[in-house]
Amino acid sequence: MTVTPMSAATEHQIDLARLTRPDFPLLNQSLQGQPLVYMDHAATSQKPRQVIDALVEYYRCHNANVHRGAHTLSARATEAFESARATVARFVGAADAREIVFSRNATEAINLVAYSWALDHLKPGDEVVLSVMEHHSNLVPWQLMARRSGAVLRHVGITSQGEMDVDHFKQLLNERTRLVSFVHLSNTLGCLNPAAEITAMAHGVGARVLVDGCQALPHRPVDVQALGCDWYVGSGHKLCGPTGIGFLWGREDLLEAMTPFLGGGEMIAVVQLEKSTWAELPHKFEAGTPAIAEAIGLAAALDYLVALGLEKIHAWEQQLTQHLFDRLQAIDGLIIYGPDPREQPDRGALASFTVAGAHAHDVAALLDSAGICIRSGDHCTQPLHRALQVTATARASLSFTNTMEEIDRLAHQLQEAVSLLRQDSEPPLE
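Residues numbered from 1 in each chain as written. Predicted model: local features only at pLDDT ≥ 70, side-chain atom pairs only at ≥ 80, totals over all residues. Heavy atoms only, no water.

**Some words on the overall build of the protein**
Then, in step 1: Secondary structure summary: the protein contains 14 helices and 17 strands in total.
Then, in step 2: For 430 residues, the compact-globule estimate of 2.2 N^0.38 gives 22 Å, and the C-alpha radius of gyration of the protein, at 23 Å, lies within 12% of that figure.
Then, in step 3: Counting only C-alpha atoms and orienting by the principal axes, one finds that the protein spans roughly 80 × 55 × 45 Å.
Then, in step 4: A burial count over the protein gives 55% of its 430 residues as buried.
Then, in step 5: When contacts within the protein are restricted to residue pairs at least 6 apart in sequence, those whose partners lie at least 24 apart make up 71%.
Then, in step 6: Carbon and sulfur atoms make up 52% of the accessible area of the protein, which totals about 18,300 Å².
Then, in step 7: Of the charged side chains in the protein, 33 are positive and 49 negative, and the gap between their average positions amounts to 5 Å. (Helix = DSSP H or I, 4+ residues; strand = E, 2+ residues; numbered from the N terminus. Rg over C-alpha atoms; globule rule 2.2 N^0.38 Å. Buried < 20%, exposed > 50% of the residue type's maximum accessible area, 1.4 Å probe, protein only. Contact = heavy atoms within 4.5 Å. Areas by Shrake-Rupley, 256 points an atom, 1.4 Å probe, with all protein chains shown as cover. Lys, Arg positive; Asp, Glu negative; His and termini not counted. Charge placed at Lys NZ, Arg CZ, Asp CG, Glu CD.)

In structure tokens form, the structure reads like this:
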């Protein structure tokens, strides 16, 4: 990989950051008497004014229920809602907008596959392959399915560099493997998993593949057809969009064969007292009034990201990530979990770390007192933290709105916080 010299890349990409900062009202404020530094994007992204404006415009001018309505407002709302579906389809490279199912979040999208596909296809002795780095949302649904079906769960380990152990994955694959489900980019380790390679190997034994794309989608181009997977899930609030909206992409033939997850209005064609028939894709999976405004807001967010350019976003965040690692690695006793960007340049723009003599929650609290927002805890990856033999990590996660100066400020305040915590933990002199 050819790396652009830091000076040239920094000069160009800081212009991109400065261009976008005025679009994010929340970032233009003080916290604890200090300019706000937001480094918790892996938990939730901030929203540009274009998204906020889209939500306000819908409620001010077009608010009505979608589909089936004969009046003008319903037609407007329906057009905007279905246009949002088409926007999501283009964003992930879907063959058709019918392959996009809106959900409340990525967790619900994974559960949709678990209940609509796995419950009908898994039987005793079948195997589901996951990894130890999965978010709880990609562990618990399969635990429930295994309990109900008699299927067996297998878990891929990680390497000493904090990446998926592909050799271990190969060992786990066999003729009993029915499903492989894994995270595209880890929210804790930051590693980018080789999704296309894993998918090809899984398909080689006849298994279906689901990819959790929540952390990958906001930071790099994703083409589900190039990945070759069977399902891919995303979450709106990670993508500069509203909360309460996510989506499932699935291959049309698979979605056609799957039974509905939830029953009720909107997802039906004909309802009789004893039985019903289902609506066409994707509506058979969208029971009840959908998150109309949230879908419209998500479309505005995706349009914003596309206008910026996912390649430009990724290139700037690569520079940010390297600078973040350089500054954090200079702090005595600090350990970062996950691959170094020099070894995996396409890794995520985040760093989960521990510091000897300082608890992650205390570190986060002291940084918050200096106006810096990071995350601390297990990041919904308890099994991974057990594998790493740590109870909690601190995590700084970045986006294209962050700057080198903010990273410098993080490192400075972190060093001061660690020094204070170590001083407080030292035993008193005799």
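**Description of the sheet that holds strand β13 (residues 334-337)**
Note on sheets: strands pair through backbone hydrogen bonds, and any given pair is parallel or antiparallel.
Then, in step 1: Taking strand neighbours across the sheet as the criterion, the 4 strands line up as β13-β14-β17-β16 in an open arrangement whose pairing is antiparallel. Looking at strand neighbours, the two that pair on one side only are β13 and β16 (375-377), the edges of this open sheet. Neighbour-to-neighbour, the strand axes of this sheet turn through a mean angle of 30 degrees, independent of strand direction.
Then, in step 2: Inspection of the sheet shows strand β14 (residues 350-355) paired to strand β17 (residues 393-397) by 4 bridges, in the antiparallel sense. By the bridge assignment, Ala351 is partnered in β17 with Ala396.
Then, in step 3: Packing against the sheet, helix α11 (residues 310-329) makes contact with β13, β14 and β17, and its axis sits at approximately 10 degrees to β14.
Then, in step 4: In the packing of helix α12 (residues 360-369) onto the sheet, the strands contacted are β16 and β17, and the crossing angle to β16 comes to about 160 degrees. (Pairing = 2+ DSSP bridges. Axes fitted to C-alpha atoms, helices over the stretch in contact; angles between N-to-C directions.)

**Considering the pattern of salt bridges**
Then, in step 1: Taken as a whole and judged by the stated rule, the model has 19 salt bridges.
Then, in step 2: Arg49 is the partner of Asp23 in a salt bridge, and the nearest nitrogen-oxygen pair spans 3.1 Å. Placement of Asp23 in the loop between α1 (6-20) and β1 (30-31) and of Arg49 in helix α2 (residues 49-62) is noted, with a sequence separation of 26 residues between them.
Then, in step 3: The exposure class assigned to Asp23 is buried, which follows from its relative accessible area of 10%.
Then, in step 4: By relative accessible area, which is 39% here, Arg49 ends up partly exposed.
Then, in step 5: Close ionic contact of Arg178 with Asp126 constitutes a salt bridge, the shortest N to O distance being 3.5 Å. (Salt bridge = Lys/Arg side-chain N within 4 Å of Asp/Glu carboxyl O.)

**Points about the side chain of Thr177**
Then, in step 1: Residue position: Thr177 is located in strand β7 (residues 177-183).
Then, in step 2: Every residue in contact with Thr177, bar those within four places of it in the chain, is listed here: Glu127, Val129, Leu172, Val205 and Ala207.

**Considerations on the sheet that holds strand β4 (residues 100-103)**
Then, in step 1: Here we have 7 strands laid out as an open sheet, ordered β4-β10-β9-β8-β7-β5-β6, and mixed in their pairing. Strand pairing shows two members of the sheet lacking a second neighbour, β4 and β6 (152-156), which therefore form its edges. Here the strands of the sheet are splayed against their neighbours by 20 degrees on average, with no regard to which way each runs.
Then, in step 2: Here 3 bridges tie strand β5 (residues 127-131) to β7, and the two strands are oriented parallel to one another. Each residue of the ladder has a partner; that of Glu127, found in β7, is Thr177.
Then, in step 3: Where helix α3 (residues 72-92) meets the sheet, it contacts β4 and β10 (246-250), and its direction lies at approximately 115 degrees from that of β4.
Then, in step 4: Packed onto the sheet, helix α5 (residues 140-149) meets β5, β6, β7 and β8 (208-212) and runs at close to 150 degrees relative to β6.

**Examining the pairing of β17**
Then, in step 1: Burial analysis of β17 places 5 of its 5 residues in the buried class, which makes it a mostly covered element.
Then, in step 2: Here β17 shows no split at all, with Thr393, Arg395 and Ser397 on one side and Ala394 and Ala396 on the other all buried.
Then, in step 3: Where β16 lies against β17, 3 bridges are found, and the strand directions are antiparallel. In the sheet register, Ser376 faces β17, and the bridge partner there is Ala394.

**A closer look at the domain arrangement of the protein**
Then, in step 1: In terms of domains, the protein is made up of domain 1 (16-39 + 309-418) and domain 2 (51-307).
Then, in step 2: A C-alpha centroid distance of 28 Å is found between domain 1 and domain 2.
Then, in step 3: Between domain 1 and domain 2, the residue contacts involve 32 residues of the former and 30 residues of the latter.
Then, in step 4: Roughly 2,400 Å² of surface becomes buried between domain 1 and domain 2 when both sides are summed, with 60% attributable to carbon and sulfur atoms.
Then, in step 5: Area buried by domain 1 at its contact with domain 2 is led by Leu310, Cys380 and Leu384, which between them contribute 24% of it. (Domains from an automatic or database assignment. Buried area = accessible area lost by both parts, 1.4 Å probe.)

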